[in-house]
Amino acid sequence: MEQVKNKKILDVQDLKVYFYTQRGVSKAVDGNNFRMYENETLAIVGESGCGKSVTAMSILGLVDEPGKIVEGSKIMYGDTNLATVSDDEIRKIRGNDISMIFQEPMTSLNPVFTVGRQITENILLHEDVSKEEANERAVKLLEMVGIARPEKIVTNYPHQLSGGMRQRVMIAMALACNPKLLIADEPTTALDVTIQAQILKLMNDLKEKTGTSIMLITHDLGVVAQMADHVNVMYAGKVVETAPVFEIFKNPKHPYTKGLMASMPSLSTGGERLETIEGNVPNPINLPEGCYFADRCPNCMEKCKKAQPKDVKVASRHHVSCFLYENEGGND
Ligand SMILES: Nc1ncnc2c1ncn2[C@@H]1O[C@H](COP(=O)(O)OP(=O)(O)OP(=O)(O)O)[C@@H](O)[C@H]1O
């Protein structure tokens, strides 16, 4: 089935983010390529330490010392390369065009200001509207994210709210300026299952209503199945497979993707023993010469240990970097 393409909103080309540590150069993200489209949710999956969060932080201009976006990296948002814009410019884009929700709401909520003040300040920072109008918008936003008695809640401080309410407030804040792109890094991991379902539904509804693109970073393939249109599988700083969500589940290609599928608890049926991928993600300071997955791969061949596989197109919008497929498809 051919997916209808929406308008492209982000085009990431050869993104490299390195951390220059005392122990050496840690290649946290090392040559990422992907695109995002309007009204689509892109899930980024992969084991811990594969560079998912660093990818997100680089889009928001939040990579701090000793980290650096390496020269030549492109994060094209329209005609703007977010990898090279000034701090002033990225500040205008962040919270306005592109905003982020984190796993832990207290990372982005300020404990000493009321919820209302935090939302209105974000609006006033980016838009030329009166305080009254910003206040009205704050109440409406809280209502939109499913908070009852929003007029009361705007006067509350974050600590007076439950975890689920704080998460909703953070989403309201992130949506205050109608972002074109919402980045959600494990947004529901810390919440109980019922609240998690509500928050995910909320994000889905908002995408349908406003056309916002969502980048969803998650460990949970159940969440991926429910939310994503497209999936990037990351391994050791690279996207090793990218495909529409139904392709990833029905027709995974990369041995790593297959391994993830077999090891994710949310896909298992009660009590069955899960397979795990033996071994560990390689140290990003000391990456091997060949395919980074070679020493854990059940299909490893001689050449996998000597060279890096190239990206191969195996179907529409389905690409994989693995020597098993080097004679298939094209590489556009
Ligand atoms: N400040 C830092 N200094 C040095 N290395 C860092 C720093 N921040 C991240 N890294 C390294 O970058 C790599 C990628 O980390 P990242 O947080 O993006 O992984 P992740 O896939 O999001 O993992 P998780 O699922 O656990 O959040 C890791 O090897 C990590 O050690």
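Source: prediction; values computed, not measured.

Quick look at the overall build of the protein chain
Across its full length, the protein chain carries ten helices and 13 strands. A principal-axis box enclosing the C-alpha atoms of the protein chain has dimensions of 65 × 50 × 40 Å. Here the protein chain holds 332 residues, and the buried ones make up 42% of them. Partitioning the contacts of the protein chain with sequence separation of at least 6, the portion at a separation of at least 24 is 62%.

Some details on the packing of helix α3 (residues 115–126) against helix α4 (residues 131–144)
Where α3 meets α4, the axes come as close as 9 Å, and the angle between the chain directions of the two elements is 120 degrees. Here α3 is positioned oblique relative to α4, judged by the angle of their axes. Seen from above, α3 lies across α4 with right-handed handedness. Between α3 and α4, the residues in contact are Gly116, Ile119, Thr120, Ile123 and Leu124 and Lys131, Ala134, Asn135, Arg137, Ala138 and Leu141, respectively. Residues belonging to the contact of α3 with α4 are distributed by class as follows: six nonpolar, three polar and two charged.

A word on the UniProt feature "domain: ABC transporter" (unreviewed entry) in the protein chain
Feature annotation in UniProt assigns "domain: ABC transporter" (unreviewed entry) to the following positions: residues 12–261. End C-alpha atoms of residues 12–261 are separated by 26 Å, and the span's content is 38% helix alongside 26% strand.

A closer look at the sheet that holds strand β7 (residues 98–101)
The mixed open sheet is built from eight strands, whose spatial order is β7-β8-β9-β3-β10-β11-β13-β12. Each edge of the open sheet carries a strand with a single partner, namely β7 and β12 (311–315). Averaged over all neighbouring strand pairs, the angle between strand axes comes to 20 degrees, with direction disregarded. The pairing of strand β8 (residues 181–185) with strand β9 (residues 213–217) spans five bridges and is classified as parallel. For Ile183, the partnering residue across the bridge sits in β9 and is Met215. Against the sheet, helix α6 (residues 163–175) touches β7 and β8, its axis set at about 175 degrees to β7.

Considering the site of the ligand
Near the ligand you find 15 residues, and of these Phe19, Ala28, Ser48, Ser53 and Val54 are the closest. If you list the elements that add at least two residues to the shell around the ligand, you get β1 (8–21), β2 (24–37) and α1 (52–59). At three residues, α1 tops the list of elements feeding residues into the shell around the ligand.

Examining α1
Counting buried positions along α1 gives seven out of eight residues, so the element sits mostly inside the fold. Within the sequence span of α1, burial applies to Lys52, Ser53, Val54, Thr55, Met57, Ser58 and Ile59. Immediately downstream of α1, the backbone of Gly61 shows phi near 70 degrees, a positive value.

As for the nonpolar core
One finds Ala43, Leu142, Ala172, Ala184, Met215, Val233 and Tyr235 to be the most contacted residues of the largest nonpolar core, which totals 88 residues. The residues contacting Val233, other than those within four sequence positions of it, are Val45, Gly46, Val239, Val240, Glu241, His254, Tyr256, Thr257 and Leu260.

Notes on the pairing of strand β3 (residues 41–45)
In the case of a regular strand, side chains alternate between the two sheet surfaces. Taking burial as the measure, the five residues of β3 include five buried ones, the bulk of the element. Every second residue of β3 is oriented toward a common face, with Thr41, Ala43 and Val45 on one face and Leu42 and Ile44 on the other, all of them buried. Bridge analysis of β3 against β9 gives four bridges, and the strand direction is parallel. Along β9, the bridge assignment pairs Ala43 with Leu216. Two strands pair when backbone bridges link them, and β3 and strand β10 (residues 230–235) are joined in this way by four bridges, in the parallel orientation. The partner of Val45 across the bridge, within β10, is Val233.

Overview of the packing of α3 against α6
It is the contact of α3 with α6, at a shortest axis distance of 9 Å, that shows an interaxial angle of 20 degrees. With respect to α6, the element α3 is oriented roughly parallel. Like other packed secondary-structure pairs, α3 and α6 cross with a definite hand, here right-handed. Between α3 and α6, the residues in contact are Val115, Gln118, Ile119 and Asn122 and Val169, Ala172 and Met173, respectively. Its residues assigned to classes, the contact of α3 with α6 shows five nonpolar, two polar and no charged.

Some thoughts on the environment of Pro158
Position of Pro158 among the secondary structure elements: in the loop between α5 (150–153) and α6. Given 20 C-beta atoms within a 10 Å radius, Pro158 is considered buried. When residues no more than four places from it in sequence are discounted, the contact partners of Pro158 are Met106, Leu109, Pro111, Val115 and Arg166.

So, α3
A rise of 1.5 Å per residue sets the reference length of α3, with its twelve residues, at 16 Å; its end C-alpha atoms lie 18 Å apart and thus fit the reference within 8%. Taken together, the buried positions of α3 are occupied by Val115, Gly116, Gln118, Ile119, Thr120, Asn122 and Ile123. Turning to α3, the residues buried within the fold contact α4, α5 and α6.

Cut-offs applied
Residues numbered from 1 in each chain as written. Predicted model: local features only at pLDDT ≥ 70, side-chain atom pairs only at ≥ 80, totals over all residues. Helix = DSSP H or I, 4+ residues; strand = E, 2+ residues; numbered from the N terminus. Buried ≥ 20, exposed ≤ 12 C-beta atoms within 10 Å, placed from the backbone. Contact = placed C-beta atoms within 7 Å. Axes fitted to C-alpha atoms, helices over the stretch in contact; angles between N-to-C directions. Parallel < 35°, antiparallel > 145°, perpendicular 65-115°, else oblique. Left-handed = near helix turned anticlockwise from the far one by under 90°. Nonpolar A, V, L, I, M, F, W, Y, C, P; charged D, E, K, R; others polar. UniProt positions renumbered as here; feature names shortened; annotations may be inferred. Pairing = 2+ DSSP bridges. Near = placed C-beta within 6 Å. Core = buried A, V, L, I, M, F, W, Y, C linked by C-beta atoms within 7 Å. Expected span 1.5 Å × (residues − 1).

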